[in-house]
Every structure is written in structure tokens, then in C-alpha cells.
Number of protein chains: 2
Amino acid sequence: MAVTIRDVAQRAGVGVATVSRVLNGTGYVKAETRERVLEAAAALGYVPSQLARGLVRHLSDTVGLVIPDITNPFFPLITRGVEDAASEAGYTVFLCNTDNDPALEAHDVQKLRERRVDGIIFVGTTERRELVDRLLADGVPMVVMDRQLGHADVDTVLVDNRWGALAACRHLIELGHRRIAHAAGHQSTRTGQDRHEGYREALEEAGIAYDPAAVVWGDFTYESGYRVGQVLLGRYPRPTAIFAGNDLIALGVIRAAEEAGLSVPDDLSVVGFDDIQMSAVVRPGLTTVRQPAREMGRLAMAMLLERITGKVSGPGRRHVFQPELIVRGTTRRREPLA
Amino acid sequence: MAVTIRDVAQRAGVGVATVSRVLNGTGYVKAETRERVLEAAAALGYVPSQLARGLVRHLSDTVGLVIPDITNPFFPLITRGVEDAASEAGYTVFLCNTDNDPALEAHDVQKLRERRVDGIIFVGTTERRELVDRLLADGVPMVVMDRQLGHADVDTVLVDNRWGALAACRHLIELGHRRIAHAAGHQSTRTGQDRHEGYREALEEAGIAYDPAAVVWGDFTYESGYRVGQVLLGRYPRPTAIFAGNDLIALGVIRAAEEAGLSVPDDLSVVGFDDIQMSAVVRPGLTTVRQPAREMGRLAMAMLLERITGKVSGPGRRHVFQPELIVRGTTRRREPLA
DNA sequence: TTGTAAGCGTTATCAA
DNA sequence: TTGATAACGCTTACAA
């Protein structure tokens, strides 16, 4: 840890600038000199300091990824996509978990700024609008992922949540369901709101009255789905189908149904959102709306890079992925009551 | 991004050293002066540079976490544990995915060293012994997690894989199974080897001959489990139970069994390893060996911190967690053939 | 082609 | 209590 560019220069019998040049491939260097430098560096086990480098370059080649919880199966996919694109471009990523806590979000972002990340990919709560605005105002490149933040003028990559929910509920309606409940996600996230919106829209276009009592909010976890499922299934008349805010919730709902002695899909149809691995593994397979999470992560990082390098500037761009309805085994035709 | 400690000093009408003192809480500063500095910093929106700070302190307050794949449900838990402990201590973590590729492992570690992380938590392949040795020799604090690396003299936190496998197989044996196959993990990981060892040991102590044909290696994925399951179930005589290298593999095996028209646990008992969330969600619930992944992550970070701060020095320590057999629905008594 | 030296933004030493 | 000032390790004009 003690060997610096100076040591390398000395050992190679050249100036530090020359060492810098060969190591960075900038400027002309005689082949023979280059050899000597490389040899010296190798012999000394020289590890250049990106700290020092970053200080002068005003670039750290690092980015920050701020997500709610890596433990929620949806985020590892996004994270992997981001990481893949980042490391291909020579960047390293800082990971921060916020649990959707606005205070933690602010804290993490602050830390990242102190670390002088070149950009931030942010999956945050709706409340964080000012946070993002400030970042933007301060010229920190960033892209907001998965959730839309107000009308902030930022690069955003997400899926059409409203449309996805709409497709999911239409599917249910086509199957003959009328009493469709919604086990909703986190109410303070735009994602949760948009999916709820799609649900509502589907009912409307089918001429089904929207019943506020048929939607129960929670958060995006399995446990929440279980609790909300219990509530919903205790209602009378009982819903014949439930559209869940995401797959974890859907799985929790199914668990609650089972415990209530209900069979899915015979007594209850369930649709999720995301298409995490678990959804394809459980039996029956979960009907859901697929989100290309990994590609979304890649794209977000690619867009961030364009901002960092200045290849792109100007108003925020939006890339909206079209989700895809994946019909598996948890949905089934509702036989008309005799 | 342009405001520096100098600007703050000027605005507060003090020297930079004073600003540094109040911001870091080091040394004496008159209350009134402190106020002025704080005000100036706030007014200017000053964000101290950890790059510059790290350069002089020779500490970056960052750590690197190197894992195979965040997409494998076991690692988010570990990652979260590490992150929790890290952020509590004021550290930020760099995340690297290696896909168990030795070349990538080396590359990522190099990157982390350049970034001057204060320490590294490493989940790598057995082959990387030299890599770890070099790190140690260079005085980079580190702890190896989940997998044991040779007899390298490093802090290590893992679970007793041999014992866990032993417990799993004993369970199967107690249930009356004799033809027990092993859908093994990645052969080049110590983890995979140890679990295989426990499997073998259980058979031996029960007086069951170890049959090399009954163990098939793959990697720690669902797909691998599916493929290996097909192979194993095609054997004659067919095994009545399969011990899988981890939960994902177990789930893949179960899928293969289903497709072969076999019922789990009636025709085949299956036990996994890890106890990821999915294992509790699927029906029937997967019998498995629980690993306290999140706590392991926390502990690893805590141990790393002790090295970084110099609170602990000397030979590598090992913390071996005792795994716990969780019996759920995929294992069942083997009725003696009539 | 290559070397010298001036920063980059902080901390820490030494006086005052 | 506080202020200069010398590092920290590297990049980049500017000269040579």
C-alpha cells in the first residue's frame, strides 16, 4: 500500500509524468520507456490510487445505486443489470438500502455525494422529489428507476405500471371475474399508485363499480400480502380474484387463501407483478406481469453514463418498458354461478 | 460541487484548519466560532470530499463486498447484513459480482484496491487462495465468507456445511431412506465439497455404501438442479431421496421429479440447504438446513471493522455458525417395500 | 518524448 | 483556540 507513482518513476528512471502517461495510455511514450515503466510497476506491485486520481480528475469512476431493499427479489435483478453495465464501463458501484425510509434515502445520497460518485441511480419514494431536484440542480448526473418521481425533469426508466395492471385485470375480467380485489403495494410509491390506477381503469372500462373497500394497501412484501389477503378474503361477498401489487404480495395472498381453505385457482384467481424467479417455481405457477428488471438496470446505467460523459444533456428522458402478461396457473375462468 | 473547505473558511472568516476541526469534531473550537462555521457550511451547501479526506487519512471508510451473484437468493441476505453493519459504522460498500469466475474475482479485487477500500469481504472460489494470500501479505484487512479458502490464515465466517449436510442426510436415513442421491453444487467451491463430505459421512455412519454414481455435480442454480435431477431420477434403481447442494438445486430437482410424474414427498424426499425465502413459500415447504445469512453478513462486517480499526490483530479467526435443520413438507418416511 | 511543478480538497503539525 | 503550511498520490500544463 505504500508504493506510489514516485517509486515507480524512480525505479524506472523516469519522471512521474511519464509513468502516468504509460499507465493511462495518454500522450507519446517511447516503446522502450514504456517497457521499463511497466516492468517497474509490476516489480513493485504498484496499485494506483483512484482516490488521488479522482481528486484531480474530478471523476471517481464510481456510481451509487440506491434501492429500498436488496432482500426483495426484484432488486437483485436490477442491481445485477446496473453492475454489469457499470463494470463493463470501468465503474464500480456503491450499494445502499433505504427500506423506503425518506430519512435514510437522504442520508445515503449525502454519503454518496461526499464519496464523489459520478452519478446516482435512484429507486426512491415519491416524497423524495426535492431530494432529486436538489441533486439535479447541483449537477449530479442521475437516473430514477422503477418509480416515477413527481414530474421531476430527470432521466427515468421504468415499466408502464398502469398498463401492466390494466392488462392483468383485463385478463381477470375476460376470465369472467367481477369481484376483483386489489392487494396493493406501498401507498406512498408512485409504483403502487400507478398499479392501483390500472386496476381501477380496468374495472371502469368493464363497467364494474370501483369499490374502495376492495383495495387494501400494505407494502411490497410477502408478509404484507399474507395479512392483506386475510383481510380481503374475510370480506363478504368474497372476491373471486385478486390483483396483487407485486409477486411477493400475490404469494402471500395465496398463502392466506390456502389457510382459509380456498383453492387457487379454483376458488380464487391471483395475478402478481414483476415475475420474479419464485413465480415460475411455485406450483401452480403465478400468473403475473413481467418486468425486464435486469435490462432495466442495464439501461439505467447506460443512460447514466451518457450523462456522465456529457454525450447527452438537456431535459430528462424517459424510457418506458412495456411489461408482458405471463399467464400461468393461478388464474382460471370463473364459472358463472348456476 | 465546486464549494470547498476554503470557501467555507473564507465565508466564516476563519482558517481551513478550523473548519476541518468543527466538521470533524476534533480539537477545541470556541462555541461561537463553531456556529459561524456550521452556518457558512450550510449556507454554501458544502459537501466535504471523502476523496481528498481519504487521500490524507489513508482511510476511505469504504469496503468491498465480492460475491458470485446477487441474483442468487442467498446473497442478498448476506449483502444486507454486511450493508447494515457497514452503514451503521459510517462505511459505504462497493458491490462486485464475479459469477465464480477466478479472472473476474481477481479483476474486482484489483479495482477495489485501487479504490483504496479499507477492507474486503470475499466470497470466492477455492482457486483464489493466492489472491487472498496476496491481499493478506499486503496488509489489506479482509474476511472470507461462506466458503473456506484452503487453510489461508484469514478471518472466516461460515456455517458448518459438513455438519449441516450430515444432519440433513441423517434425517433422511431416520426416515428410512437408503438410496439417497446427492445433487451437488459447484465442485470447485469448498462449500460444495464440504456438503458432499457430510453426505458421504452420513451414509457411512449408517452403513450405507457410498455410490459415486449417486452424486452428480452442477452449480448452485435452479436450472442446474433441474438437469441434475433429471439425470439422478433416470438412474436405476431410482433414489428414494435426494440431498441437494442448496435450496435452488432442491427446487430444480423437485421440478424434474414432477415432470417425471413423481410426487414429492410421496415418491421422493428432497432436502435443500440455505433456507431462502422461496423454501418457505413453495408447497410443500422445502425441508432444508437453515443458514443465518443475514447475521453472517453482519458478523463478517463486524470482524472486518475490528481488523480495520486495529482492535484485533494476529492470526485469522474463524466463526462457524451452527446450521439448523428445518423440517417441512418435502421429506417423508419411506415405507418399507412390502 | 520526457521532466518539473502546480494544483485537486483535506488533515495534521507547529507556531502563535 | 486558531491559522499557516506541508503533505497525501496523481494528472496535466508548460518547458525542455
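Residues numbered from 1 in each chain as written. Chains lettered and ligands numbered in written order. Predicted model: local features only at pLDDT ≥ 70, side-chain atom pairs only at ≥ 80, totals over all residues. Heavy atoms only, no water.

As annotated in an unreviewed UniProt entry, chain A is LacI family transcriptional regulator from Symbiobacterium terraclitae.

1. What about the protein's contact with DNA strand C?
Taken together, 29 residues surround DNA strand C, and among them Thr18, Arg21 and Thr33 of chain A together with Ile5 and Arg53 of chain B come closest. Counting only atoms of DNA strand C within 4 Å of the protein, the fraction found in sugar and phosphate groups is 65%. Interatomic distance of 2.7 Å between a backbone N/O atom of glycine 15 of chain A and a phosphate oxygen of DNA strand C. Residue arginine 53 of chain B places a side-chain N or O atom 2.6 Å away from a phosphate oxygen belonging to DNA strand C. Counted by class, the surface near DNA strand C contains 14 nonpolar, nine polar and six charged residues. (Near = heavy atom within 4 Å. Polar contact = N/O pair within 3.5 Å; in protein donor to acceptor, adjacent residues only side chain to side chain. Nonpolar A, V, L, I, M, F, W, Y, C, P; charged D, E, K, R; others polar.)

2. Digging into the protein's contact with DNA strand D
The local shell around DNA strand D holds 26 residues, among which Ile5, Tyr46 and Arg53 of chain A together with Thr18 and Thr33 of chain B are the closest. The sugar-phosphate portion of DNA strand D accounts for 66% of its atoms within 4 Å of the protein, the bases making up the rest. One nitrogen or oxygen atom from the side chain of serine 20 of chain A is found 2.8 Å from a phosphate oxygen belonging to DNA strand D. The separation between a base oxygen of DNA strand D and a polar side-chain atom of arginine 21 of chain B is 2.5 Å. Looking at the surface near DNA strand D, the elements that each hand over two or more residues are helix H2 (16–24) and helix H4 (50–57) of chain A together with helix H2 (16–24) and helix H4 (50–57) of chain B. (Helix = DSSP H or I, 4+ residues; strand = E, 2+ residues; numbered from the N terminus.)

3. Things to note about the sheet that holds strand S8 (residues 241–244) of chain B
Residues and elements named next belong to chain B. Here we have four strands laid out as an open sheet, ordered S7-S6-S8-S9, and parallel in their pairing. Where the open sheet ends on each side, the last strands, each with one partner, are strand S7 (215–218) and strand S9 (269–271). Geometrically, the sheet is characterised by an average inter-axis angle of 15° between neighbouring strands, direction not taken into account. By the bridge criterion, four bridges tie strand S6 (residues 180–186) to S8 in an arrangement that is parallel. Bridging across to S8, alanine 181 finds its partner in isoleucine 242. Here helix H9 (residues 190–205) sits on the sheet in contact with S6, S7 and S8, set at roughly 165° to S6. (Pairing = 2+ DSSP bridges. Axes fitted to C-alpha atoms, helices over the stretch in contact; angles between N-to-C directions. Contact = heavy atoms within 4.5 Å.)

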